[in-house]
Amino acid sequence: MRLPEELLERARDIHSEAPSHRIKLDRVGSFGLKVPVEFKGFLLLAEADVWVSLPEGRRGVDLSRQVEAIYELSNPPKDPFSLCREAAISLLEKLNYADSSGVSIRFDAPLQDGESLKYYGVEISSIASDEIINKIRVEILGMTACPCTAELIRAYKSSEIAATHTQRSLGILEVSTKAEHPDPDKLASIIERAMSSPLRTYTKRPDEGGLVIQSLSNARLAEDVVREMIHLFLEEFGHLPEDTRILAAVRSMESVHMHDIYAERSFRLDEIRKEISSH
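A short tour of the structure in this document, coming up. Since we're looking at a predicted model, the values are computed, not measured. (Residues numbered from 1 in each chain as written. Predicted model: local features only at pLDDT ≥ 70, side-chain atom pairs only at ≥ 80, totals over all residues. Heavy atoms only, no water.)

## Details of the overall build of the protein
If you tally the helices and strands in the protein, you get eight helices and nine strands. For the protein, whose C-alpha radius of gyration is 24 Å, the value lies well above the compact-globule estimate of 19 Å for 279 residues. Referenced to the eigenvectors of the C-alpha coordinate spread, the extents of the protein come out at roughly 85 × 45 × 35 Å. Across the 279 residues in the protein, those meeting the buried criterion constitute 41%. Partitioning the intrachain contacts of the protein with sequence separation of at least 6 by distance along the chain shows that 65% fall at a separation of at least 24. Of the roughly 15600 Å² of accessible surface on the protein, a fraction of 51% belongs to carbon and sulfur atoms. (Helix = DSSP H or I, 4+ residues; strand = E, 2+ residues; numbered from the N terminus. Rg over C-alpha atoms; globule rule 2.2 N^0.38 Å. Buried < 20%, exposed > 50% of the residue type's maximum accessible area, 1.4 Å probe, protein only. Contact = heavy atoms within 4.5 Å. Areas by Shrake-Rupley, 256 points an atom, 1.4 Å probe, with all protein chains shown as cover.)

Laid out in structure tokens, this is it:
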């Protein structure tokens, strides 16, 4: 049942009234919306968050206009990078009392891996105010092998390839920039190359053996992986603006401990270049 439109003329518009406490809110919106996106030849169902800032003199936002902004732009489906930017701009046009807006889209991105596909997590965002900041976060699992235990076993019994414990490790790269969104596949590749070895969805015994030998021959601490991610990022994306902000992190799901190991570094491009050049 739908109520008659003329009721709107008689009913109070609660959202546009003044609040009891005149305090500005940074983000008010609709989170967990489902939208279709096109990503590198695939049609995917993604989850979207949309929000705007709320001035101190307004009690609430027009939620239906927020949903309308992203639903209009996602029909027909388009790539998530364009959808984020265009929807963030549309939000400011539809809700002109806001001075900032944002859209985030999350999905599992398919990645061709030999004979099969594997997936990694992607979150793409755009924040609009006086300028647009594009943000991307990529998460992918890899394998790490502990060099400390490998050295102990090597000292105990001399061997060309020393045994050690291995674990799945979650690598994270997050980039905020005034430039275009970086290619998520390239970010995922940086994380995988920084690990002792990548993981595979589909393997036969020779493949599994090769991955284990690769990881044992390239044993790395979580700290090593974060530093390598930063090094590879500078090689691949050193052209980004100097005020670009990056987060590089690893969470190692340990096989011989009952807890995880975590390492992280956040930085601006100009800051990390200065730090590296000072050594």
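## Overview of the side chain of Arg 58
Mapped onto the secondary structure, Arg 58 falls in the loop between strand S2 (42–54) and helix H2 (63–73). What makes Arg 58 buried here is its relative accessible area of 14%. Engagement of the side chain of Arg 58 in a polar contact is seen with the backbone oxygen of Gly 60, the distance being 2.7 Å. Once residues within four sequence positions are removed from consideration, Arg 58 is found in contact with His 15, Ser 16, Glu 17, Pro 19 and Tyr 97. (Polar contact = N/O pair within 3.5 Å; in protein donor to acceptor, adjacent residues only side chain to side chain.)

## Overview of the pairing of strand S5 (residues 132–145)
Relative to S5, strand S4 (residues 116–128) runs antiparallel, the two sharing eight bridges. Its bridge partner being in S5, Glu 123 is matched across the sheet by Arg 137. Between S4 and S5, which follow one another and run antiparallel, lie three residues. Pairing geometry for S5 and strand S6 (residues 166–177), over 12 bridges, is antiparallel. Following the sheet pairing, Lys 135 is matched in S6 by Ser 176. In the sheet, S5 pairs with strand S7 (residues 197–198) via two bridges, with the strands oriented antiparallel. In the sheet register, Gly 142 faces S7, and the bridge partner there is Pro 198. (Pairing = 2+ DSSP bridges.)

## As for the packing of H2 against helix H3 (residues 80–94)
Packing of H2 against H3 brings their axes to within 9 Å, and their N-to-C directions diverge by 145 degrees. Every pair of crossing elements has a handedness; the one defined by H2 and H3 is right-handed. Of the residues in H3, those touching H2 at Arg 65, Gln 66, Glu 68, Ala 69, Ile 70, Glu 72 and Leu 73 are Leu 83, Glu 86, Ala 87, Ser 90, Leu 91 and Lys 94. In terms of residue class, the contact of H2 with H3 is built from six nonpolar, two polar and five charged. (Axes fitted to C-alpha atoms, helices over the stretch in contact; angles between N-to-C directions. Left-handed = near helix turned anticlockwise from the far one by under 90°. Nonpolar A, V, L, I, M, F, W, Y, C, P; charged D, E, K, R; others polar.)

## Quick notes on the packing of aromatic side chains
In this structure the tally under the stated criterion is two aromatic pairs. Seen in terms of ring centroids, Phe 233 and Phe 237 are 5.2 Å apart; in terms of plane orientation they differ by 35 degrees. Their pairing is tilted. Pair noted here: Phe 233 and Phe 237 are both in helix H7 (residues 222–237), with a separation of four residues, about one helical turn. Accessibility expressed as a relative area gives 0% for Phe 233, which makes it buried. (Phe/Tyr/Trp six-rings, centres within 6.5 Å; stacked < 30°, edge-to-face > 60°.)

## With respect to the state of the cysteines
All chains considered together, the criterion is met by zero disulfides. With no disulfide of its own, Cys 148 has Cys 146 as its nearest cysteine by sulfur position, at a separation of 4.5 Å. (Disulfide = S-S within 2.5 Å.)

## Quick notes on the environment of Leu 240
Among the structural elements, Leu 240 can be located in the loop between H7 and strand S8 (245–253). We classify Leu 240 as buried; its relative accessible area is 7%. Considered as a pair, Leu 240 and Asp 26 are 214 residues apart in the sequence and their alpha carbons are 28 Å apart. Sequence-distant contacts of Leu 240, defined by excluding residues within four places in its chain, comprise Val 175, Thr 177, Ala 179, Pro 182, Phe 233 and Leu 269.

## Overview of the environment of Tyr 262
When you line up the elements, Tyr 262 lands in strand S9 (residues 261–268). The spatial distance from the C-alpha of Tyr 262 to the C-alpha of Ala 249 is 7.4 Å, given a sequence separation of 13 residues. The contacts of Tyr 262, once residues within four sequence positions are left out, are Ala 249, Val 250 and Arg 251.

None of the figures reported here should be taken as evidence of function without further support.
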